[in-house]
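Commentary on secondary and tertiary structure
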Amino acid sequence: MSDTGKLRLGVNIDHVATVRNARGGAYPDPVRAAKLAEEAGADGITAHLREDRRHISDADIDGLMAALKLPLNFEMAATDEMQKIALRHKPHAVCIVPEKREERTTEGGLEVAREENRLAHFIAPLREAGCRVSIFIAADRRQIEAAHRIGAEVIELHTGAYCDAHAEGHFKERDRELECLRDMSAFAHSLGLEVHAGHGLTYDTVKPIAAFPEVMELNIGHFLIGESIFRGLGPAIGEMRRLMDEARSDALRTAG
Ligand code: PXP
C-alpha cells in the first residue's frame, strides 16, 4: 500500500469465505468480493489463511494473488508451513498473528517479547523476499519495543478490547483502552514503526481510531461483510471510508 499519507483502508474478506464454507460450495467467492472492494475504494485486501483453513483456502490466496491489482496483506501464524506459502507468493505485506484453534477469532496480540529470537529469525526471510512485515500486537510498550527489535517495519494494534468495551456499554473501560491505543500509536511511531490498527471496528468505533495521526492503515472485515447484507459491499465500504476521512480531517482541523 503506497505511502500517500492518507489513512488507508484494508478490507478483510475472510468472512465471505466463512459464508461460502457453510455450504462447502463455490459461492460467495472471496476473490469477487476483493474486486468489488477494489472498485469501492479499498486501498488493500487482507486475508488470513488459518492453519485449520476455516475460512480462506489456499486456492483463495492463489486467486487473490492472480486477480488483484491492490496489494494483499497476508495474515498468518508464525509457522513453517505459512512461511513457505508466503515465500512462494511474496505478497505485498505479511501480518504475523497469534493463532489458536479453539478461539473463534484472533483474541489477543502476538507475544513478541517472549519469542523475540524465534520471531526475528522467522521474519528475516520474509523481509528479504520483499514483504512488508507487520506484527499484530496489543497496545503494550513491551510488545512494541520487541517488535521494533526483531526488525518489523509495521505493527498492527489490536483494537478488539476497545470495541468490546464499547459494545458492552463499559464506557470508562473503552476510554481507557482508547487512551492506551493513542499513547502506544505515538510511541510506536516515535520508534520509526508504521502503525496500523484493526479488529472489531464498526461504524460506531472507527472514528476515534481513525483520528490518531500516526495510524496509517485500518484493517476491517467482519462488520463490513455483515453490513454488506443490508447495503451491498460497495456502499458498506464507502460509508466506512467516509467516516475514516471525516475523522481524519476533523482531527487535522483541530490540531492545526
Ligand atoms: N487485523 C487483524 C490482524 C486480524 O486478525 C483481523 C481479523 O482477522 C482484522 C484486522 C479484522 O478484524 P475484523 O474482522 O473484526 O474487522
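Small disclaimer: the values here were computed from a predicted structure and weren't measured. (Residues numbered from 1 in each chain as written. Predicted model: local features only at pLDDT ≥ 70, side-chain atom pairs only at ≥ 80, totals over all residues. Heavy atoms only, no water.)

Points about the pairing of strand β4 (residues 93-96)
Side chains A93 and C95 project from β4 onto one buried face, and the interleaved V94 and I96 project onto a second face that is buried too. By the bridge criterion, four bridges tie strand β3 (residues 72-76) to β4 in an arrangement that is parallel. Each bridged residue has a counterpart across the sheet, and for E75 the counterpart in β4 is C95. As judged from the four bridges shared by β4 and strand β5 (residues 132-137), these two strands associate in the parallel manner. Paired with V94 across the strands is V133, a residue of β5. (Buried < 20%, exposed > 50% of the residue type's maximum accessible area, 1.4 Å probe, protein only. Helix = DSSP H or I, 4+ residues; strand = E, 2+ residues; numbered from the N terminus. Pairing = 2+ DSSP bridges.)

Digging into the environment of L181
Topologically, L181 is positioned in helix α8 (residues 171-190). In this structure L181 comes out as buried when scored by relative accessible area, which is 3%. For the pair L181 and H158, spaced 23 residues apart in sequence, the C-alpha to C-alpha distance is 8.6 Å.

Re the pattern of salt bridges
Scanning all chains against the criterion turns up 22 salt bridges. Measuring nitrogen to oxygen at the nearest pair gives 2.6 Å for the salt bridge that ties R132 to E194. Of this pair, R132 sits in strand β5 while E194 sits in strand β7 (residues 194-198), placing them 62 residues apart in sequence. Its relative accessible area of 10% is what places E194 among the buried residues. We note a salt bridge from R241 to D245, for which the minimum N-O separation is 2.8 Å. Of this pair, R241 and D245 both sit in helix α11 (residues 233-255), four residues apart, roughly one helical turn. R241 sits in the buried class, given a relative accessible area of 9%. (Salt bridge = Lys/Arg side-chain N within 4 Å of Asp/Glu carboxyl O.)

A few points about the packing of helix α10 (residues 222-231) against α11
Between α10 and α11, the least distance of the axes is 7 Å, while the angle of their chain directions is 125 degrees. Taken together, the axes of α10 and α11 are oblique relative to one another. Judged by the twist between their axes, the crossing of α10 over α11 is right-handed. Judged by residue contacts, F223, L224, I225, E227, S228 and R231 of α10 engage L233, P235, A236, I237, E239 and M240 from α11. Class assignment of the residues belonging to the contact of α10 with α11 gives a composition of eight nonpolar, one polar and three charged. (Axes fitted to C-alpha atoms, helices over the stretch in contact; angles between N-to-C directions. Parallel < 35°, antiparallel > 145°, perpendicular 65-115°, else oblique. Left-handed = near helix turned anticlockwise from the far one by under 90°. Contact = heavy atoms within 4.5 Å. Nonpolar A, V, L, I, M, F, W, Y, C, P; charged D, E, K, R; others polar.)

Structural notes on the site of the ligand
Around the ligand lies a shell of 13 residues, among which E75, E156, G200, G221 and H222 are the nearest. Measuring from an oxygen atom of the ligand, one finds a side-chain N or O atom of N12 at 3.3 Å. The separation between an oxygen atom of the ligand and a polar main-chain atom of G200 is 2.8 Å. When the ligand is considered free in solution it has 390 Å² of accessible area, and contact with the protein chains removes 95% of it. For the shell around the ligand, the class distribution of residues is three nonpolar, seven polar and three charged. (Near = heavy atom within 4 Å. Polar contact = N/O pair within 3.5 Å; in protein donor to acceptor, adjacent residues only side chain to side chain. Areas by Shrake-Rupley, 256 points an atom, 1.4 Å probe, with all protein chains shown as cover.)

Focus on the environment of H148
Position of H148 among the secondary structure elements: in helix α6 (residues 141-149). It is 16 Å that separates the C-alpha atoms of H148 and H158, two residues lying ten residues apart in sequence. Contacts of H148, omitting those with residues within four sequence positions, involve L191 and L193.

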